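# Remarks on the overall topology
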Amino acid sequence: MEDVLVYGLLRGGIYALAAFGFSLVLGVIGIVNFAHGALVVFGGLLTQYLAVKFGVPYAAAMIGGALGTGLLGAVIQRLFVARTFTLEPLMVLVQTFGIATVVTELGTLGWGSEERMLRLKTGLPPGFMLGDTFVPSFDLVVFAVSLVSAAVLFVVLGRTEFGRAIRACRDNRESAQLSGINLGRTFEKTMFLSGTWAGLAGAMFVTLSPVAPYMHFSWTVDSFLVITIGGLGSMLGALVGGLVFGVLSFGASFYAPTIAPAITFGVLLVFLVFRPQGLLGAGPAIRK
Amino acid sequence: MLKVSNFRGGYRKGVAVVDGLQIDLRQSAVTSILGSNGAGKTSFLRGICGLLPWRTGEVELNGERLDRLAPHDIARLGVRMVSEGRGTFPTLTVEENLKVGGYGLSAPVLATRMEREFNRFPRLYERRGQIAGMMSGGEQQMLAIARAMMSDPRVLILDEPSQGLAPIIVDQIFDLIPRLTQEGVQVLLVEQDVGRGLEVSEQAVVIEKGRATLSGPSRELLADPRVRESFLGLS
Amino acid sequence: MNFVSMAYAIRTGPVRNQLLCLAVFLLVVALCPLVMNDYWLRLMVFVFVNIGLASSWNLIGGFGGYASFGHGVFFGVGAFAGAVGMVRFGLPLPAVMVIGGALSAALAALFVPVFRQKGLYFALSTLAVMLVFETVLQRWTFTRGLRSYDLGWTLAPSLPLEGFFYLFLGLLGLIVGSIIVVVRSKIGYALHAIRKDEVLASSIGVRTTKYKAITFMISAAWPGVLGAAFAPFLAYVSVQSVFDVSITLNMILITIFGGAGTVIGPIVGGIALSIIDQIAWGNFLEYHRLIYGALIVAITTLHPGGLASVFWGWVERRRSAAKPVPRPSAPGHPPTSAPRRA
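Residues numbered from 1 in each chain as written. Chains lettered and ligands numbered in written order. Predicted model: local features only at pLDDT ≥ 70, side-chain atom pairs only at ≥ 80, totals over all residues. Heavy atoms only, no water.

## A few points about the overall build of chain B
Helix and strand counts for chain B come out as 10 helices and 10 strands. Taken over the C-alpha trace, chain B has a radius of gyration of 17 Å; the compact-globule value for 235 residues is 18 Å, and the two agree within 12%. Seen through its C-alpha atoms, chain B measures out along the principal axes to roughly 50 × 40 × 30 Å. Every one of the 235 residues in chain B was classed for burial, and the buried ones make up 54%. A total accessible area of about 10300 Å² is found for chain B, and carbon and sulfur atoms account for 48% of it. For chain B, the centre of its 29 positive side-chain charges and the centre of its 28 negative side-chain charges are spaced 5 Å apart. (Helix = DSSP H or I, 4+ residues; strand = E, 2+ residues; numbered from the N terminus. Rg over C-alpha atoms; globule rule 2.2 N^0.38 Å. Buried < 20%, exposed > 50% of the residue type's maximum accessible area, 1.4 Å probe, protein only. Areas by Shrake-Rupley, 256 points an atom, 1.4 Å probe, with all protein chains shown as cover. Lys, Arg positive; Asp, Glu negative; His and termini not counted. Charge placed at Lys NZ, Arg CZ, Asp CG, Glu CD.)

Here's what the structure looks like:
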């Protein structure tokens, strides 16, 4: 039981990072980005590529991978989503699905379809015992880094003019424009933030588990699940949702590995029917 | 000085909701646009601000053409609109709302402007940490006006500022309008309450079905039998 | 009467004419076995199934504006009903088709509580239901296979290839015909209102939940029937083969590629994508998925209304070029086949 809790929470930090961007884009631009998982995977593979191919130190590779992914997100927004999203959200689902396919296929062509992982030599002790549970120190470091980057995102959104503009566009697009905010640019910046944090999630995940292009869809679905559990439109909700989802999915695969997906999705259904606003769902004021 | 000529616009190409309107703010401090529901008043304002999907004609601010600019550029050049239903940012605090109004300004300027607005609306100062969505309609209206004033606009457009407010708050808002003009902002006011709109303004335009039917100094319109009959219910 | 005005007349004309058109189309296609070899006939069956599935999805997703991301569950349930019914209980094909449709419709009826939620929640919960069913059908020994160690069902093909060809062509005709009728019925008008503005629709007395539920059940029943009929054609039914995510995605892609919310959209989209698919498979196997993805991105970016809107846009331009005055009773789109954005 403690094992499940500890390991689930450790993974949950990364799920939360991946879900932030998904939630942000859904809240601000009002679209479901089916290419979000592709961004996570892209970030992971780019980081691995930078570190292995060019021998860049991991921290730099992680930042490079994250920013590169953010840039990709902004490009996707400018070239594709911006032309479609005002017309029909349904269309954007299909469009971003297409983008996910293209990104994944190009990634496969460039990097191959195999699973890749980045083992880091940190010189840390292997871990310590917490009660009866062994806590690997590297996982703990990754967890800490994910919490720190979550905090950075909270500060960017909550305390800077940039973040204020994004939240203003989420609350009321028209008033934001009437206040001199460029809507298109803000959406691109939103997508950049979303991509950057998705890339970060990928960059951290690749040090713990293998990543391959075909996994993009499950990352999208998991991000979906995280924000449904945590609550749409709330960054804190995404964090809580990520941690809960980490414990839930780890517990499901630990106790009932054969029907793990059914359990996580069953929980999702319960949420959808009984608590659609999620654990920390935002009030009706900003629910889309 | 805002000048609009031969303005047509609407939500679908070719279907004009506003059809050939002219307006010239000239030296008038407050200009009101009057008309019944669905006459095209709000669409006209949205057109000036660049929010209509389709528009033709000329909009000039001190000789500078605005009609081809995006909404945020129009706002930056000094035309600010307080939309119908106020349009505050419900999850942002009062302070944050004001900061968004001064988007792009440096921190010290932002601070002095904010202080000015808090002096103008002491009520907002009391509630500066409050989430805008939790405030009363009157407070939100004040916030919306303060937010627009943060940028020191040259033209302030008020769309139905009295809508949905208690009479006492409406009085306050209308008392406020002449005071705003003392700071050099010209006000363009849309109001369904024709009597009030005429009282507060120096010149006025009456529009019906997207066209201007009457225009002139407000005092003359107030005496005009057609206005008295169809809008004021007097004879 | 030239082609342009004929197309317009069919689109705006009575249901009878549209059904007649469908019948002519089906009759022409029915001649295919005379000139086609087995490879092409098999391919045609897949095209029919894809169009039938996409048309069903289109009813709730396109006309109703509620995108179901787990619609494949109904096809899968139907296929399993077909497999279990025919192998375990020895039922005839028509019986399992009815059972498959009924089971899917009943499953859809369970969604009524979710219908109170907005579109995204609906999409999520359909996806979730699909994944739950996938797991259950794979684990439950009753549905997993005939013997305890089986992971699927082996079926004897109960019809010759031509038989399947006509069976699926007939089903396609029924599906498209039923959609033509439904969208011009009271349900269709209700859907139109729901898609445009659901709150407004319910405020003027449209019983939105009722109509959404009916539509969703119809749109679920047909994939169930198709799935049951598909089981013997496929010859081997397992969770991997009939619950693949790509089945749902194909429904959505075909519909939107062709034009969501139009009767003709899924038909055009199904044919066009099959052709693209064939060319891509045949010539650029390695880049097949890439080409597929790039095409989707291109059409959604350049023509968000899908192929149908490109066509109807062209028709409208030709018509207004032909007779500039008086304007044809302008935007009076019938909800049936009007492109979603004029």
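## Notes on the nonpolar core
As a rule of thumb, nonpolar side chains are buried together in soluble globular proteins. Residues A:F20, A:W219, C:F165, C:F168 and C:V237 are the most contacted members of the largest nonpolar core, which totals 196 residues. It is helix α9 (residues 161-183) of chain C that contributes the most residues to this core, 14 residues altogether. Listed in part, the 32 residues of the second largest apolar core include B:F121, B:A144, B:A148 and B:V187. (Core = buried A, V, L, I, M, F, W, Y, C linked by side-chain atoms within 4.5 Å.)

## Section: the interface of chain C and chain A
Across the boundary between the two partners, chain C contributes 37 residues, which contact 41 residues of chain A. Both sides of the chain C and chain A interface together cover about 3500 Å² of buried area, and 79% of this is carbon and sulfur. Here chain C and chain A share zero salt bridges between them. The interface formed by chain C and chain A contains two residue pairs in polar contact (both at pLDDT 80 or more). Contributing elements (two or more residues each) for the side of chain C that touches chain A: α4 (38-63), α7 (119-139), α14 (245-258) and α16 (288-302) of chain C. (Contact = heavy atoms within 4.5 Å. Buried area = accessible area lost by both parts, 1.4 Å probe. Salt bridge = Lys/Arg side-chain N within 4 Å of Asp/Glu carboxyl O. Polar contact = N/O pair within 3.5 Å; in protein donor to acceptor, adjacent residues only side chain to side chain.)

## With respect to the confidence of the model for chain C
Counting all residues, the mean pLDDT for chain C is 82, and 92% of those residues have values of 70 or more. Note that pLDDT drops below 50 for residues 325-342 of chain C; the model gives that stretch 42 contacts with residues more than four away or on any other chain. (pLDDT = per-residue confidence, 0-100.)

## Quick look at the pairing of strand β6 (residues 79-82) of chain B
Residue and element names in this part refer to chain B. Alternating positions in β6 separate into two faces, V79 and M81 on one and R80 and V82 on the other, with burial throughout. Sheet analysis places β6 next to strand β7 (residues 155-159), joined by four bridges and oriented parallel. Across the sheet, the residue bridging to V82 is L158, located in β7. (Pairing = 2+ DSSP bridges.)

## Observations regarding the pattern of salt bridges
Residue and element names in this part refer to chain B. On inspection of all chains with the given rule, the structure shows 21 salt bridges over all chains. For E117, the salt bridge is made with R116, and the minimal N-O distance between the two is 3.1 Å. With a relative accessible area of 24%, R116 lands in the partly exposed category. Among the ionic pairs, E139 bridges to R127, the shortest N-O distance being 2.7 Å. A residue pair is termed long-range when its members are at least 10 positions apart, and E139 in helix α6 (residues 137-149) and R127 in the loop between α5 (122-126) and α6 qualify at 12 residues.

## Remarks on the sheet that holds strand β1 (residues 2-10) of chain B
Residue and element names in this part refer to chain B. Spatially, the four strands line up as an open sheet ordered β2-β1-β4-β5, and their pairing is antiparallel. Because the sheet does not close on itself, it has two edges, and the strands there are β2 (18-24) and β5 (64-65). As paired strands, strand β4 (residues 54-61) and β5 are joined by two bridges and run antiparallel to one another. Paired with E60 across the strands is R65, a residue of β5. Contacts from helix α1 (residues 41-48) reach β1, β2 and β4, with the element oriented near 115 degrees to β1. (Axes fitted to C-alpha atoms, helices over the stretch in contact; angles between N-to-C directions.)

## Description of α6(B)
For the α-helix, the turn length of 3.6 residues means that residues three or four positions removed from each other point alike. All names here are of chain B. Here α6 is 13 residues long and its end C-alpha atoms lie 18 Å apart, about the 18 Å a rise of 1.5 Å per residue gives. Burial runs high along α6: 12 of the 13 residues are buried. Looking at α6, one finds that the buried residues are G138, E139, Q140, Q141, M142, L143, A144, I145, A146, R147, A148 and M149. (Expected span 1.5 Å × (residues − 1).)

## Here we look at the packing of helix α1 (residues 2-28) of chain A against helix α5 (residues 137-159) of chain A
For any two helices packed against each other, one specifies the inter-axial angle together with the distance between the axes. Residues and elements named next belong to chain A. Remark: α1 packs on α5, axes separated minimally by 8 Å, with the N-to-C direction vectors making an angle of 25 degrees. Relative to α5, the element α1 lies roughly parallel. Crossing handedness for the pair α1 and α5: left-handed. Contacts between α1 and α5 involve L9, L10, G13, I14, L17, F20 and L24 on the former and, on the latter, D139, L140, V142, F143, S146, S149, A150, L153, F154 and L157. Looking at the contact of α1 with α5 residue by residue, the class counts come to 13 nonpolar, three polar and one charged. (Parallel < 35°, antiparallel > 145°, perpendicular 65-115°, else oblique. Left-handed = near helix turned anticlockwise from the far one by under 90°. Nonpolar A, V, L, I, M, F, W, Y, C, P; charged D, E, K, R; others polar.)

## Focus on a nonpolar patch on the surface
Taken together, A:L106, A:L109, C:F25, C:I271, C:I275, C:I279, C:F284 and C:Y287 make up a surface patch of nonpolar side chains, about 700 Å² in accessible area. Those elements that place two or more of their residues in the nonpolar patch are α4 (89-111) of chain A together with α15 (264-283) of chain C. If you tally residues by element for the nonpolar patch, the top one is α15(C), at three residues. (Patch = residues over 30% accessible without salt bridge, like charges linked within 9 Å, V, L, I, M, F, W, Y side chains within 5 Å.)

## A short note on the interface of chain A and chain B
With 22 residues of chain A in contact, the opposing surface of chain B contributes 25 residues. Summed over both partners, the interface of chain A with chain B buries about 2000 Å², with 55% contributed by carbon and sulfur atoms. Three residues stand out in chain A for area buried against chain B, namely A:R164, A:L178 and A:S179, and they jointly supply 31% of the buried area on that side. The interface formed by chain A and chain B holds two salt bridges in total.

## Here we look at the packing of helix α2 (residues 15-30) of chain C against α9(C)
All names here are of chain C. Direction vectors running N to C along α2 and α9 enclose 165 degrees, while the axes themselves pass 10 Å from each other. Judged on the interaxial angle alone, α9 and α2 are roughly antiparallel. The two elements α2 and α9 cross, and the hand of that crossing is right-handed. Residues V15, Q18, L19, L22, L26, V29 and A30 of α2 form the contact with α9, whose participating residues are F165, Y166, L169, G173, V176, G177, I180 and V181. When grouped by side-chain class, the residues that make up the contact of α2 with α9 number 12 nonpolar, three polar and no charged.

## Remarks on the packing of aromatic side chains
Inspection of the entire model under this criterion finds 31 aromatic pairs over all chains. Taken together, a centroid distance of 5.0 Å and an interplanar angle of 80 degrees make the contact between A:Y15 and A:F245 edge-to-face. Placement of A:Y15 in helix α1 and of A:F245 in helix α10 (residues 235-255) is noted, with a sequence separation of 230 residues between them. Across this residue pair, the class does not change: A:Y15 and A:F245 are buried. Between A:F20 and A:F154, the ring centres sit 5.8 Å apart and the planes meet at 70 degrees, which makes this aromatic pair edge-to-face. Here A:F20, found in helix α1, pairs with A:F154, found in helix α5; they are 134 residues apart in sequence, far enough to count as distant. You can call A:F20 buried: its relative accessible area is 1%. On the basis of relative accessible area, A:F154 is assigned to the partly exposed category, the value being 29%. Here the aromatic cluster, defined as three or more aromatic residues joined through ring pairs, consists of C:F46, C:F75, C:F164, C:F168, C:F230 and C:F233. The ring of B:Y125 has B:R128 lying over it, and the distance from NZ or CZ to the ring centre is 4.2 Å. (Phe/Tyr/Trp six-rings, centres within 6.5 Å; stacked < 30°, edge-to-face > 60°. Lys NZ or Arg CZ within 6 Å of the ring centre and 35° of its normal.)

## Re the confidence of the model for chain B
Across chain B, the average pLDDT comes to 89, with 99% of residues at 70 or higher. The least confident element of chain B, judged by mean pLDDT, is helix α10 (residues 225-230) of chain B at 81; the most confident is helix α3 (residues 94-101) of chain B at 95.

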